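Spelled out, the chains give:
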Amino acid sequence: MTEIENDIQVEGGEIVNPSEVIYFLLIGVAILVAILFVSFIFRGRKKWAIVITTVLVIGFVGYYLYYPSLKVKTHTERYEQVTDYLAKKYPNKKFTISPKHYEEGYTVGEFMVNDIKIPQMGVTLSVDKEGQVTQTSTWSTQDYPTQQELWREIPFSYGGTYTLDKELAEITKLDEWINGELTAFALTIDNLPAIALFNYSNAGYGLLELQQGEQEEVVSIEMEGYLFIYIDDRYQGDKVTVDLKNGEEYTANVDENKGRLIVRKL
C-alpha cells in the first residue's frame, strides 16, 4: 500500500507572487472600468450608482482578503487528489510528498514527490482544476559534484527523463581519466560496459557522450582529439581494433588493457 510522508509547515498566505499581483491588478482595472460604466449608465440615478459601486469595491476587497485562505484550501484539496493518484498508480511504493499545506514560494497544487528509496531525486507533480496530475519537472538534492564524482549524475538522465516509473540503473565506476575540464569514466551500467565523457568547470558541467555496449564487447569514443576505449573484462580475444574517423585503425592488446580505460591522444 502506498504510504505518504510529509514535511508539514503551516504558514499564513500573503499575496507576494508577481503573477498574483498582476492577477489582482487586472481585476482592479476591470472593476474600475465597470464602475465608470455604471456611473455613465446611472448618471441620472446616483443612488443606484453608489450602491453598485460599493458592492463592487466591497466584493474586490473581500476577495483580496479571502484569497490567501482560498490558496490554503485549494492546495489542501489538491494534496488529497495527488495522494489518491499516487496510491492508485503505485500501490506498492512509498513516497515523500511536500508541502502538505500551502507555503509561500510554492505554487498552489504543486508538489515535490520522491520515492523514499531515492531521497536524492524526485519529480514535481502539478494538480489542475480538473484534478488531473501531471509531471512538470524533476529535481535533485545532490550538491555540485566534484570532477571525480561526475559519473554519479548519470542515473538522473540515463534512459530518458526521470519519472516515478523509472527504475534507476545500477552503475559502477571502474576507471577514470581527467585532463583539465575533460573527464572520462569506464563504467558498467546494469553490468554492461560503458564509457561516459564529461565536460567540467566551476561554471557548469555536462555529459558530452555516453556509449554503452553489450557483454563481452568493446566500447569506444573518439572526441576532443582523444580516443577512449574500454574492453569488457569478459571479452574473448587477444586484440581489439577500432576504426578511427580519419580512416586509420588503432589496435590494443586485450590482456594488458582489459577492465580499464584506454586513452590515446590522436
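Since the model is a prediction, treat every value here as computed from it, not as a measurement.

A.B. asks: Explain the pairing of strand β12 (residues 239-243) here, please?
C.D. replies: The side chains of a regular strand alternate between the sheet's two faces. Residues of β12 alternate between two faces, with Val-240 and Val-242 buried on one and Lys-239, Thr-241 and Asp-243 left unburied on the opposite face. Note: β12 against strand β13 (residues 249-253), five bridges, orientation antiparallel. In the sheet register, Asp-243 faces β13, and the bridge partner there is Glu-249. Counted along the chain from β12 to the antiparallel partner β13, the turn is five residues long, and its residue Gly-247 has a positive phi close to 95°.

A.B. asks: Could you clarify how one ought to interpret the pattern of salt bridges in this entry?
C.D. replies: When their charged atoms lie close together, side chains carrying opposite charge are able to pair. Considering all chains together, one arrives at seven salt bridges under this definition. A salt bridge links Glu-20 to Lys-71, with the nearest nitrogen and oxygen atoms 3.1 Å apart. Taken as a pair, Glu-20 in helix α1 (residues 18-41) and Lys-71 in helix α2 (residues 46-89) lie far apart in primary sequence, 51 residues in all. Its salt-bridge partner being Arg-234, residue Asp-233 comes within 3.9 Å of it at the nearest N-O pair. Through salt bridges with shared partners, a single network forms among Glu-20, Lys-71 and Glu-104.

A.B. asks: What is the right way to read the pairing of strand β2 (residues 94-98) from this model?
C.D. replies: Counted residue by residue, β2 has four buried out of five residues, so it is predominantly covered. Sheet analysis places β2 next to strand β3 (residues 110-115), joined by four bridges and oriented antiparallel. Within the sheet, the bridge partner assigned to Ser-98 lies in β3 and is Met-112.

Parameters at a glance
Residues numbered from 1 in each chain as written. Predicted model: local features only at pLDDT ≥ 70, side-chain atom pairs only at ≥ 80, totals over all residues. Heavy atoms only, no water. Buried < 20%, exposed > 50% of the residue type's maximum accessible area, 1.4 Å probe, protein only. Helix = DSSP H or I, 4+ residues; strand = E, 2+ residues; numbered from the N terminus. Pairing = 2+ DSSP bridges. Salt bridge = Lys/Arg side-chain N within 4 Å of Asp/Glu carboxyl O.

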